[in-house]
Amino acid sequence: MSADLTAVARDLAPSGTLRASINLGNPVLAQGSSDSPSGVTVDIASEIAARLGIPVSFVCFDAARKSFEALTSGAADLCFMAIEPARAAEVDFTAPYVLIEGVYAVAEDSPIRSVAEVDRPGVRIGVKEGSAYDLYLTRSLEHASLVRGSEGADVFAEQGLEVGAGIRQPLTAFVASRPGLRLVDEAFMQIRQAVGTTKGHHPDTVQFVHDTVEELKASGFVRDALDRSGRADTTVAPPA
């Protein structure tokens, strides 16, 4: 990286502290509490700040839509969320650093056995409002309808919907804790989690964040961070 890191730091974090928006609602990427967050996103933000020679602070939320709003409103300098067209108009994303699968849960006796059988009239799908899979299903479904709430699995169970949508790891745990439910094992989408900054930064800043993420993937940093946080079942994205 040949850019002036002092200039990059000033452009990316004009307050002098890198404010990273952390989504604690995605347990694959972040764990802990607002006072003491942990996980791969916290580790990446800390490393970016360290390379720039500035401190880091964390603003934590329970949903991706709130994390997105923090970035676009100017309350954060950096975010960690899935690449989606609805977000890309306002956010410059790096290439993904991890890949996560979106899957469905259904009742044990449901006739639904595949992803293709979900998009039918009369099928209601519980989703977490503003999540990557909410945005994806909103633009891709033709017949099924979405029911939004604070957690897709909870909406599914509480309202007796036909389908619940979610990230594979937490939805697998949810199904395991509730007799009478099962997963549709086939993934309905691949969620590409990336680092994002607001539009309008200097090209050197955007390139620095991109290059850093690529280096952290290639060096094993991302893999190690996932393993330390108990997410050995999460896939590191391939090089961009």
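The shown structure was predicted, so the numbers you read here are calculated from the model rather than taken from an experiment. (Residues numbered from 1 in each chain as written. Predicted model: local features only at pLDDT ≥ 70, side-chain atom pairs only at ≥ 80, totals over all residues. Heavy atoms only, no water.)

Draft legend 1. Seen up close, the packing of aromatic side chains. All chains considered together, the criterion is met by three aromatic pairs. For the pair Phe 80 and Tyr 97, a centre-to-centre distance of 6.3 Å together with 90 degrees between the ring planes defines the contact as edge-to-face. Taken together, the positions of Phe 80 in strand S5 (residues 78–82) and Tyr 97 in the loop between strand S6 (91–93) and strand S7 (98–107) put the pair 17 residues apart, joining distant regions of the chain. Look at Tyr 97 and you get buried, because its relative accessible area is 0%. Aromatic pair Tyr 136 and Phe 188: ring centres 6.3 Å apart, planes at 25 degrees, arrangement stacked. Placement of the pair is Tyr 136 in helix H5 (residues 132–140) and Phe 188 in strand S11 (residues 181–198), with a sequence separation of 52 residues. Since its relative accessible area comes to 24%, Tyr 136 is described here as partly exposed. Joined through ring pairs, the aromatic side chains of Tyr 104, Tyr 136 and Phe 188 make up one cluster. (Phe/Tyr/Trp six-rings, centres within 6.5 Å; stacked < 30°, edge-to-face > 60°. Helix = DSSP H or I, 4+ residues; strand = E, 2+ residues; numbered from the N terminus. Buried < 20%, exposed > 50% of the residue type's maximum accessible area, 1.4 Å probe, protein only.)

Draft legend 2. Region of interest: the packing of helix H1 (residues 5–12) against helix H8 (residues 203–218). Running from N to C, H1 and H8 cross one another at 95 degrees; their axes reach a closest spacing of 9 Å. Between H1 and H8, the crossing angle belongs to the class labelled roughly perpendicular. Touching Leu 5, Val 8, Asp 11 and Leu 12 of H1 are Asp 204, Thr 205, Phe 208 and Val 209, all from H8. Classifying every residue of the contact of H1 with H8 gives five nonpolar, one polar and two charged. (Axes fitted to C-alpha atoms, helices over the stretch in contact; angles between N-to-C directions. Parallel < 35°, antiparallel > 145°, perpendicular 65-115°, else oblique. Contact = heavy atoms within 4.5 Å. Nonpolar A, V, L, I, M, F, W, Y, C, P; charged D, E, K, R; others polar.)

Draft legend 3. Spotlight on the layout of surface pockets. Quantified by volume, the largest pocket comes out at close to 360 Å³. Counting residues per element, the ones that place at least two in the lining of the largest pocket are S5, H5, strand S10 (163–167), helix H7 (168–177) and S11. Across the lining of the largest pocket, the residue classes break down as 17 nonpolar, six polar and three charged. Roughly 150 Å³ of internal volume is contained in the second largest pocket. Lining the second largest pocket, in full, are Leu 99, Ile 100, Glu 101, Arg 168, Gln 169, Gln 190, Asp 233, Thr 234 and Thr 235. Taken together, the elements giving at least two residues each to the lining of the second largest pocket come down to S7 and H7. Looking at the lining of the second largest pocket element by element, the count peaks at three residues for S7. (1 Å grid on protein atoms, 1.4 Å probe; cavity = no way out; pocket = protein on both sides within 12 Å on 5 of 7 lines; lining within 4 Å. Points joined across faces, edges and corners; volume = space filled by probe spheres on them.)

Purely geometric stuff here, so don't read any function into it on its own.
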